[in-house]
Amino acid sequence: MACISVQGLTASYSKSKILDNIDLEFIQKKVTAIVGPNGSGKSTLLKAIAGSMKPDQGIVHINGQNMHSLKKKELAKILAFLPQSPETPKDITIEQLVSYGRYSHQNLFKNTKFEDKKIIDWALQATDLIQLSQSSMSELSGGQRQRAWIAMALAQNSDCLFLDEVTTYLDIRHQIEILNLLKSLNQEKSKTIIMVLHDINHALHYSDYIVVVKNGKIFAHDCIESIVENKVLENVFKVKFKVLYDENKKPFIVSNELIN
Ligand SMILES: Nc1ncnc2c1ncn2[C@@H]1O[C@H](COP(=O)(O)OP(=O)(O)OP(=O)(O)O)[C@@H](O)[C@H]1O
């Protein structure tokens, strides 16, 4: 069953059309990686689907509901979106930033403070930020800041997570920690994860499906096995990939040769 269905999505900046009449269905409770060349429209696609950019045309349904008819708080309970370079507010601590993730769950009549605090602490723990929780966001390294934003998205505790290049700035250990965490949220808490990734091996290892974007269109959308079998990634990136398999029969690629 699709949890997010996109029909006829077209989006532009000023007068230049970036996304051209896109139809797409994301499968509920699965991990989908969006890959494609620089400038192909991946971030624009994520923004337009997540509602942070107004499309020219098209409709997005989430769990059968027209996304544009949902109030901000309702949408935030269903979907958390972490853009590529979020603007960091000055003079707030990591813990304060993460607590913003609870906004959609708070209301005037019900005291949810204890539950909120528990989830905020869990998100800080999961992103290895407990020791830094009282540090100011303006004093952090790029990777620490990125982890704080991830923690905020996790604290939102929504069904779907939309993440744009979530591993940017992270060292290899934190990259794997975050990707393992996302996979476990998918497997144990049935979260639907949709993430733009540049690292093809991460996409092959951590996702169930891959969407390939090229020139503002969907070039392919398939399971890992078919994407690899049909040499889709070679065709789109024009790079020769040698495909190897790990002990769990998961494919990974080695590449150092361009296709002209
Ligand atoms: N705010 C903006 N204003 C105008 N043009 C933009 C803006 N953001 C992106 N673009 C243009 O839209 C096109 C698609 O950009 P987008 O960021 O969606 O691509 P991408 O596939 O995510 O790229 P990358 O892999 O480099 O992050 C590019 O040509 C880019 O220059």
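The structure we're discussing is the one just above.
Keep in mind that this is a model prediction, so the values were computed, not measured. Numbering of residues starts from 1 in every chain and runs along the sequence as written. For a predicted model such as this one, the threshold for reporting local features is a pLDDT of at least 70, and the threshold for listing and counting side-chain atom pairs is 80 or more; totals across whole chains, interfaces and linings nevertheless cover every residue. Only heavy atoms go into the side-chain values, all of them from the structure, while hydrogens and water stay out.

Student: Please give an account of the packing of aromatic side chains that cites residues and values.
Tutor: Side-chain rings of Phe, Tyr and Trp (the six-membered ring for Trp) are treated as a pair once their centres are within 6.5 Å; stacked means planes under 30 degrees apart, edge-to-face means over 60, and tilted covers the remaining angles. Counted according to the given criterion, the structure contains zero aromatic pairs. Directly above the aromatic system of W122 lies the positively charged group of K189, at a separation of 5.1 Å from the ring centroid. Only when the NZ atom of a Lys or the CZ atom of an Arg is both within 6 Å of the ring centre and within 35 degrees of the ring normal do we say a charge sits over the ring.

Student: Got a sec to walk through the site of the ligand? Specific residues and values, please.
Tutor: We call a residue near a molecule or strand as soon as one heavy atom of that residue lies within 4 Å of the molecule or strand. In the neighbourhood of the ligand, 13 residues make up the surrounding shell, with G39, G41, K42, S43 and T44 lying closest. At 3.0 Å, a side-chain N or O of H198 approaches an oxygen atom of the ligand. To measure how exposed things are, a 1.4 Å probe is used in the Shrake-Rupley method; for residues, cover is taken only from the protein chains shown. When the free accessible area of the ligand is taken as 640 Å², the share hidden by the protein chains comes to 60%. Where helices and strands are cited, they refer to DSSP runs of H or I of at least four residues and of E of at least two residues respectively, numbered from the N terminus. For the shell around the ligand, the element with the highest residue contribution is helix α1 (residues 42–50), accounting for three residues. The residue makeup of the shell around the ligand, split by class, is three nonpolar, eight polar and two charged. Whenever a nitrogen or oxygen atom comes within 3.5 Å of another N or O atom, the pair is scored as a polar contact, on the condition that within protein one atom can donate a hydrogen and the other can accept it, and that pairs from neighbouring residues in sequence are kept only if both atoms are in side chains. Gly falls in the polar group here, along with every residue not listed as nonpolar (Ala, Val, Leu, Ile, Met, Phe, Trp, Tyr, Cys, Pro) or charged (Asp, Glu, Lys, Arg).

Student: Kindly report on the nonpolar core, identifying the contributing residues and their values.
Tutor: Among the nonpolar cores identified, the biggest contains 52 residues, and L161, L182, M195, I210 and V212 are the most heavily contacted of them. Per-element tally for this core: the top contributor is helix α5 (residues 142–155), with eight residues. Contact definition: two residues touch when any of their heavy atoms are within 4.5 Å. Setting aside residues no more than four positions away along its own chain, L182 makes contact with L161, L163, V166, I193 and M195. Membership of the second largest hydrophobic core comes to 29 residues, among which are L46, A50, I62 and I78. Note on terminology: a nonpolar core comprises buried Ala, Val, Leu, Ile, Met, Phe, Trp, Tyr and Cys residues joined through side-chain atoms within 4.5 Å. Relative accessibility under 20% of the residue-type maximum defines a buried residue, over 50% an exposed one, and the middle range a partly exposed one, all with a 1.4 Å probe and only protein chains included.

Student: Residues and numbers for a nonpolar patch on the surface, please.
Tutor: Surface patches are defined over residues having more than 30% relative accessible area and no salt bridge, joining like charges when they lie within 9 Å and nonpolar side chains (Val, Leu, Ile, Met, Phe, Trp, Tyr) when within 5 Å. Any carboxyl oxygen of Asp or Glu within 4 Å of a side-chain nitrogen of Lys or Arg constitutes a salt bridge here. A contiguous nonpolar patch, built from L244, F252 and V254 and spanning about 210 Å² of accessible area, is present on the exposed surface. Along the chain, the position of V254 falls in strand β12 (residues 251–258). Take V254: its relative accessible area is 39%, and that puts it in the partly exposed class.

Student: Residue-level account of the sheet that holds strand β10 (residues 217–223), with values.
Tutor: Taken together, the six strands give an open sheet; going across it, the order is β6-β7-β8-β3-β9-β10, and neighbouring strands pair in mixed fashion. Of all the strands in the sheet, the pair left with one neighbour each is β6 (79–82) and β10. Strand-to-strand twist in this sheet, taken as the mean axis angle between neighbours without regard to direction, amounts to 15°. Alignment of strand β3 (residues 31–35) against strand β8 (residues 192–196), held across four bridges, turns out to be parallel. Following the sheet pairing, V31 is matched in β8 by I193. Relative to the sheet, α1 contacts β3, β6, β7 (160–164), β8, β9 (209–214) and β10, its axis offset from that of β7 by approximately 150°. When DSSP finds at least two bridges between two strands, those strands are taken to pair. The angle between two axes is taken between their N-to-C directions and runs from 0 to 180 degrees, where each axis is a line fitted to C-alpha atoms and a helix contributes only its stretch in contact.

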